Amino acid sequence: MNAPVAEKKPRLTTSAMIASIATEGQRVKAAPFGKALVALGASRPEIVGLTADLAKYTDLHLFAQAYPERFHQMGMAEQLLMAAAGGMAKEGLVPFATTYAVFGTRRAYDFIHQVIAEEKLNVKICCALPGLTTGYGPSHQATEDIAMMRGIPGLTIVDPCDALDIEQAVPQIAAHNGPVYMRLLRGNVPLVLDEYDYKFELGKAKLLRDGDDVLVISSGFMTMRALEVAQKLAADRIGVAVLHCPTIKPLDEATILEAVRYRHRLVVVAENHSVIGGLGEAVASTLLRHRVQPAGFELAGLPDAFLDAGALPTLHERYGISLDALAARIKGWLG
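Computed from a predicted model, the values in this text were never measured in an experiment. All residue numbers refer to positions counted from 1 along the written sequence of the respective chain. At least 70 in pLDDT is required for a residue's local features to be given in this predicted model, at least 80 for side-chain atom pairs to be given and counted, and no such filter applies to totals for whole chains, interfaces and linings, which use all residues. With hydrogens and water stripped out, all remaining heavy atoms of the structure feed into the side-chain values.

**A closer look at empty space enclosed by the protein**
At step 1: Only protein atoms enter the 1 Å grid, on which a cavity is a set of points fitting a 1.4 Å probe that cannot get out and a pocket is an open set with protein on both sides within 12 Å along at least 5 of 7 lines, lining residues being those with an atom within 4 Å of a point. Grid points are joined across faces, edges and corners, and a volume is the space filled by probe spheres set on the points. A full pass over the atoms with the stated rule returns two cavities of 30 Å³ or more.
At step 2: Looking at the second largest cavity, its volume works out to about 40 Å³.
At step 3: Taken together, Pro130, Asp159, Pro160, Arg183, Leu185, Gly220, Phe221 and Asn272 make up the lining of the second largest cavity.

**With respect to the pairing of strand E11 (residues 240–244)**
At step 1: In this scheme, a residue with accessible area under 20% of its type's maximum is buried, one over 50% is exposed, and one in between is partly exposed, where area comes from a 1.4 Å probe on protein chains only. Strands here mean DSSP runs of E at least two residues long; helices mean DSSP runs of H or I at least four residues long; both are numbered from the N terminus. Most of E11 sits inside the fold, with five of its five residues counted as buried.
At step 2: Burial along E11 is two-sided: Val240, Val242 and His244 facing one way and Ala241 and Leu243 facing the other are all buried.
At step 3: A crossover gets the label right-handed when its path from the first strand over the helix to the second runs clockwise, viewed with the strands pointing away from the viewer. Note on the crossover from strand E10 (residues 214–218) through helix H8 (residues 222–234) to E11: the handedness is right-handed.

**Some details on the sheet that holds strand E2 (residues 47–51)**
Note on sheets: strands pair through backbone hydrogen bonds, and any given pair is parallel or antiparallel.
At step 1: In spatial order, the strands read E3-E2-E4-E5-E7-E6-E12; together these seven strands make up an open sheet with mixed pairing. Pairing within the sheet leaves two strands with one partner each, and these edge strands are strand E3 (71–73) and strand E12 (247–249). Taking each pair of neighbouring strands and ignoring which way they run, the sheet shows an average axis angle of 20 degrees.
At step 2: Whether two strands pair comes down to DSSP finding at least two bridges between them. Of the pairings in the sheet, the one linking E2 to strand E4 (residues 94–100) comprises five bridges and is parallel in character. What sits directly across from Leu50, in E4, is Ala97.
At step 3: Contacts are assigned to residue pairs that have any heavy atoms within 4.5 Å of one another. To obtain each axis, a line is fitted to C-alpha atoms, and for helices this fit is confined to the stretch in contact; angles are then taken between N-to-C directions over 0 to 180 degrees. Packed onto the sheet, helix H7 (residues 163–175) meets E2, E4, strand E5 (124–128), strand E6 (156–158) and strand E7 (180–184) and runs at close to 165 degrees relative to E7.

**What to know about the pairing of E4**
At step 1: Along E4, seven of the seven residues are buried, which leaves the element largely enclosed by surrounding structure.
At step 2: With five bridges connecting them, E4 and E5 associate as parallel partners. Within E5, the position partnered with Ala97 by the bridge is Ile125.

**So, the confidence of the model for the protein chain**
At step 1: The predicted model of the protein chain has a mean per-residue pLDDT of 95, with 94% of residues at 70 or higher.
At step 2: No element of the protein chain has a lower mean pLDDT than helix H11 (residues 312–318), at 95, and none a higher one than E6, at 99. A score between 0 and 100, pLDDT records how confident the predictor is in each residue.

**Examining the layout of surface pockets**
At step 1: What the second largest pocket holds in volume is close to 170 Å³.
At step 2: Forming the boundary of the second largest pocket are Arg106, Pro138, Gln141, Thr143, Glu144, Ala147, Ser274, Ile276, Asp304, Ala305, Phe306 and Leu307.
At step 3: Amino acid classes used here: Ala, Val, Leu, Ile, Met, Phe, Trp, Tyr, Cys and Pro are nonpolar; Asp, Glu, Lys and Arg are charged; the rest, including Gly, are polar. Looking at the lining of the second largest pocket residue by residue, the classes come out as six nonpolar, three polar and three charged.

**A look at the nonpolar core**
At step 1: Ranked by internal contacts, the top residues of the largest apolar core, which has 114 residues, are Phe33, Phe96, Val170, Met182, Ile217 and Ile256.
At step 2: Leave out the neighbours within four places in its chain, and Ile217 touches Leu243, Cys245, Ile256, Val260, Val267, Val268, Val269, Ala270, Leu279 and Val283. What is meant by a nonpolar core is a set of buried Ala, Val, Leu, Ile, Met, Phe, Trp, Tyr and Cys residues, joined one to another through side-chain atoms within 4.5 Å.

**Let's talk about the packing of helix H9 (residues 253–260) against helix H10 (residues 279–289)**
At step 1: Viewed as axis vectors pointing N to C, H9 and H10 meet at an angle of 70 degrees, and their least axial separation amounts to 10 Å. Classified by the interaxial angle, the pair formed by H9 and H10 is roughly perpendicular. Counting all contacts with H9, which are made through Glu253, Ile256, Leu257 and Val260, the residues of H10 involved are Val283, Thr286, Leu287 and Arg289.
At step 2: Its residues assigned to classes, the contact of H9 with H10 comprises five nonpolar, one polar and two charged. To sort the angles, those under 35 degrees are grouped as roughly parallel, those over 145 as roughly antiparallel, those from 65 to 115 as roughly perpendicular, and the leftovers as oblique.

**Regarding H8**
At step 1: The end-to-end C-alpha distance of H8, which contains 13 residues, comes to 18 Å, matching closely the 18 Å that a straight helix rising 1.5 Å per residue would cover.
At step 2: Taken together, the buried positions of H8 are occupied by Met222, Thr223, Met224, Arg225, Ala226, Leu227, Val229, Ala230 and Leu233. The length a helix should cover is 1.5 Å for every residue beyond the first.

**A short note on the packing of aromatic side chains**
At step 1: Aromatic contacts are taken between Phe, Tyr and Trp rings whose centres are within 6.5 Å, Trp giving its six-membered ring; a plane angle under 30 degrees counts as stacked, one over 60 as edge-to-face, and the others as tilted. Summed over all chains, the structure comprises three aromatic pairs.
At step 2: With 6.4 Å between their ring centres and 45 degrees between their planes, Phe33 and Phe96 make a pair best called tilted. Of the two residues, Phe33 is situated in helix H1 (residues 32–41) and Phe96 in strand E4; the sequence distance between them amounts to 63 residues. Judged on exposure class, the residue Phe33 and its partner Phe96 are both buried.
At step 3: Seen from their ring centres, Phe63 and Tyr67 are 5.1 Å apart, and the 55 degrees between their planes marks the pair as tilted. For the pair shown, Phe63 and Tyr67 are each scored as buried.

Next comes the structure, spelled out in structure tokens:
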């Protein structure tokens, strides 16, 4: 009698730099940032687009096609990109500068700090591949970008969850008078928030669902993960609330305090970022300063380490931010 043949699983490959974080069969929208900027550009002729040789990989190529005279290709020179954007802002333009988050923050930090932020210039920095959204290893994984940007005075920081968040954030950050750093999801971006009667408001956190046992405070695509976890744990009669914080700075402290105060439940901060210097530490500081004590407090972020290269599903599971891994961590913290 022949032994049963084990089912062969598909081999996972290292994720391409332009890979989508959407799972198979998930609803998506293509290039929400590029399309939103093109739409906005029709009524805002002062908006210009700049990139450091990455128009296609930040979806800015759509803006370049629509308004070629307002598009500027700066080459592989991120410091020049930020300096030029600052100069254009001084002349009354509203530059949207795009590149990868690792290059925009690590290579150009001093130019953002001195040329843009100190001068309070109206530059919108939109950076793709934030956190663990590529499998290409530490050279391309911007796991500390929020920590770096939070230290810059007067810089607004936005970490959208999905295509709807991005579409609605673009006109609002353009209308905001001052520098903005927005983490950018590009390509085929998941669409989830339309099911929760959600509208993006710059500077505001939104409670997407309530629950008695756990409050997950999240940003970026980890809000999508938190909503998936909430549905999964409901089968175990664990009530999970999800508070989405798309604006990291300035943080909506009032909404966070209201969600935590007088509710005896575990608080988990979930973020696609290092546990050092991101949303988790910002929330912890808020609770401590206002003397609000939850039943428990845990960080579900990326470790303080240089992460591995590999396939994104494998890496998300390894570092505790996949659906199953996050659900298991929360159940473990609940005891």
